Amino acid sequence: MTERFTGTFTQQEPIPEEAIEAAVAVMRSGRLHRYNVAEGEVGEVALLEQEFAAAMGSSYALALASGGYALGCALRALDVQSGDKVLTNAFTLAPVPGAIAAVGAVPVFVGVTEDLVIDLADLETKADQASVLMLSHMRGHLCDMDRLMAICNAHDIQVIEDCAHTMGARWNGRLSGTDGVIGCYSTQTYKHMNSGEGGFLITDDPQVMARAVMLSGSYMLYDRHLAAPAPEVFEAVKYDTPNVSGRMDHLRAAILRPQLRDLDRQVARWNERYEVVEAGLRETPGLTVIERPEAERYVGSSIQFLLLDWREDQIDAVLNRCLARGVELKWFGGAEPSGFTSRYDSWRYVDAAPMPASDRVLKGIVDMRLPLTFSLEDCALIARIIRAEVSAVYQAG
Ligand SMILES: *Cc1c(COP(=O)(O)O)cnc(C)c1O
């Protein structure tokens, strides 16, 4: 009998009861706007920011409308101007080059290695072209952050980290998002905490934080923040920083606070699932497992593997055969992006030079979500199905 998987790859866990109750209390109060607080009340957003800064080991945190907004806000906070070049990954998600384009800046793509991280040799050759790198830890893969920071420091490049898939991850013990001058996070439904839409920005730099708070739309109410610098720091920037509204509201913050307390436990649960799938895929002929470095503590909320140098019709066959058995894979290398765009040649508003070595990797990347609604048995079954179908197509040649 052929095994079939019947779970749903886009089904997340319910919002915790405690979070639902906190959200209902906010709705009963009628005070949803972050600066709408009663006498003596601090508000869910300010509390969340304080807790998020503590959890990420950062001095300051700002809760925002989305991860993509956080990236744009970070660029503006560093005073990136229209026409400036910004280095970024050739393999990332559309909101990253989109944030750069939205401030009128020009993305300069840096290649991707077979380990699915930014190509540091390519970064070195392009380092003199820009003073900002928007580094995307795409699908949760951390590059050698020690070497990356050494390259960027040597070239006076400021680093903005896109931690959409690395909230809770670490490199050499350091939490992702704390190496660069700014770390950005998303709390969109498919990331590591779920408020539908939402995001964060963290930094240790008081001037950068003051600018970010003003940018997010603080209407001179910055003294209501608990994870921001002292009011004096705002004096220097408050008349010169435009308002580009993108705040978070109390409702989403109420939903996120209990989830943040649970983050470490969730990370462990994702990694259990990841390890089961990874073990099940090892030594499948023709399939390359992405080896994770010792220094990396990842969050396995999705898994990738490579079908390196396979023909397009073979990869298509694997995807179709897996789908017929209930396993939904995404092929980042597909000629037409569907449901997402993740490779540099899909963003035709950027005039990018071809990168043959990256193209070879991008063509072979297959991706799968690992929602926490999957049991460990589900994960073992999924791995068996992928293994069988990859082997069948590979043997047919
Ligand atoms: C989801 C995501 C973002 C942005 O998140 P939104 O909250 O959807 O704007 C940025 N980068 C990567 C790699 C992502 O996957």
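All figures in this text were calculated on a predicted structure; none of them were measured in a lab.

Draft legend 1. Seen up close, the site of the ligand. With respect to spatial proximity, 15 residues lie near the ligand, and among them Gly67, Gly68, Asp162, Ser186 and Lys191 are the closest. With respect to the ligand, the backbone of Gly68 contributes an N or O atom lying 2.7 Å from an oxygen atom. The side chain of Asp162 places a nitrogen or oxygen atom 2.8 Å from a nitrogen atom of the ligand. For the ligand, whose free accessible area comes to 380 Å², the fraction covered by protein is 92%.

Draft legend 2. Expanded view of the sheet that holds strand 7 (residues 174-175). With respect to topology, 3 strands assemble into an open sheet ordered 7-6-11, the strand pairing being antiparallel. Either end of the sheet is taken by a strand with one partner, and the two such strands are strand 7 and strand 11 (296-297). Across 2 bridges, the pairing between strand 6 (residues 170-171) and strand 7 is antiparallel. Paired with Trp171 across the bridge in strand 7 is Arg174.

Draft legend 3. Main features of the domain arrangement of the protein chain. Segmenting the protein chain into domains produces domain 1 (17-261) and domain 2 (263-396). Domain 1 and domain 2 are separated by 27 Å when their C-alpha centres are compared. Both sides of the domain 1 and domain 2 interface together cover about 2,900 Å² of buried area, and 62% of this is carbon and sulfur. Where domain 1 meets domain 2, there are 2 salt bridges. Here Arg139 ties to Asp367 by a salt bridge, and the two come within 2.8 Å at their closest N and O atoms. Here domain 1 is connected to domain 2 by 14 residue pairs in polar contact (both at pLDDT 80 or more).

Draft legend 4. The arrangement of helix 4 (residues 95-102) in detail. Where helix 4 is concerned, the buried positions are Val96, Pro97, Ala99 and Ile100. Angular distribution of buried residues about the axis of helix 4 spans 155 degrees; they occupy a single face of the element. Directly after helix 4, the chain includes Gly104, whose backbone phi takes a positive value near 80 degrees.

Draft legend 5. Main features of the packing of aromatic side chains. Evaluation of the coordinates by the stated rule reveals 11 aromatic pairs. Measuring from ring centre to ring centre gives 5.6 Å for Phe5 and Phe9, while their planes differ by 75 degrees; the resulting arrangement is edge-to-face. Classification of Phe9 by relative accessible area gives buried; the value is 3%. When the centroid spacing of 5.8 Å and the interplanar angle of 35 degrees are considered together, the rings of Phe109 and Trp347 count as tilted. Here Phe109 is found in strand 3 (residues 106-110), whereas its partner Trp347 is found in the loop between strand 13 (330-331) and helix 12 (356-364), with 238 residues between them in sequence. Per residue, the accessibility class of Phe109 equals that of Trp347, and both read buried. By way of ring pairs, the aromatic residues Phe5, Phe9 and Phe374 are connected into one cluster. Sitting over the ring of Tyr298, Arg292 keeps its end group 4.3 Å from the ring centre. Positioned over the ring face of Tyr190 is Arg369, at 4.0 Å from the centre of the ring.

Draft legend 6. Region of interest: the pattern of salt bridges. Under the criterion given, the structure shown has 26 salt bridges. A salt bridge links Arg273 to Glu272; the nearest nitrogen and oxygen atoms lie 3.8 Å apart. Looking at Arg273, the relative accessible area reads 8%, which means it is buried. Classification of Glu272 as partly exposed rests on a relative accessible area of 40%. The network of salt bridges with shared partners includes Glu44, Glu51 and Arg257.

Cut-offs used in this document
Residues numbered from 1 in each chain as written. Predicted model: local features only at pLDDT ≥ 70, side-chain atom pairs only at ≥ 80, totals over all residues. Heavy atoms only, no water. Near = heavy atom within 4 Å. Polar contact = N/O pair within 3.5 Å; in protein donor to acceptor, adjacent residues only side chain to side chain. Areas by Shrake-Rupley, 256 points an atom, 1.4 Å probe, with all protein chains shown as cover. Pairing = 2+ DSSP bridges. Helix = DSSP H or I, 4+ residues; strand = E, 2+ residues; numbered from the N terminus. Domains from an automatic or database assignment. Buried area = accessible area lost by both parts, 1.4 Å probe. Salt bridge = Lys/Arg side-chain N within 4 Å of Asp/Glu carboxyl O. Buried < 20%, exposed > 50% of the residue type's maximum accessible area, 1.4 Å probe, protein only. Arc of directions from axis to C-beta. Phe/Tyr/Trp six-rings, centres within 6.5 Å; stacked < 30°, edge-to-face > 60°. Lys NZ or Arg CZ within 6 Å of the ring centre and 35° of its normal.

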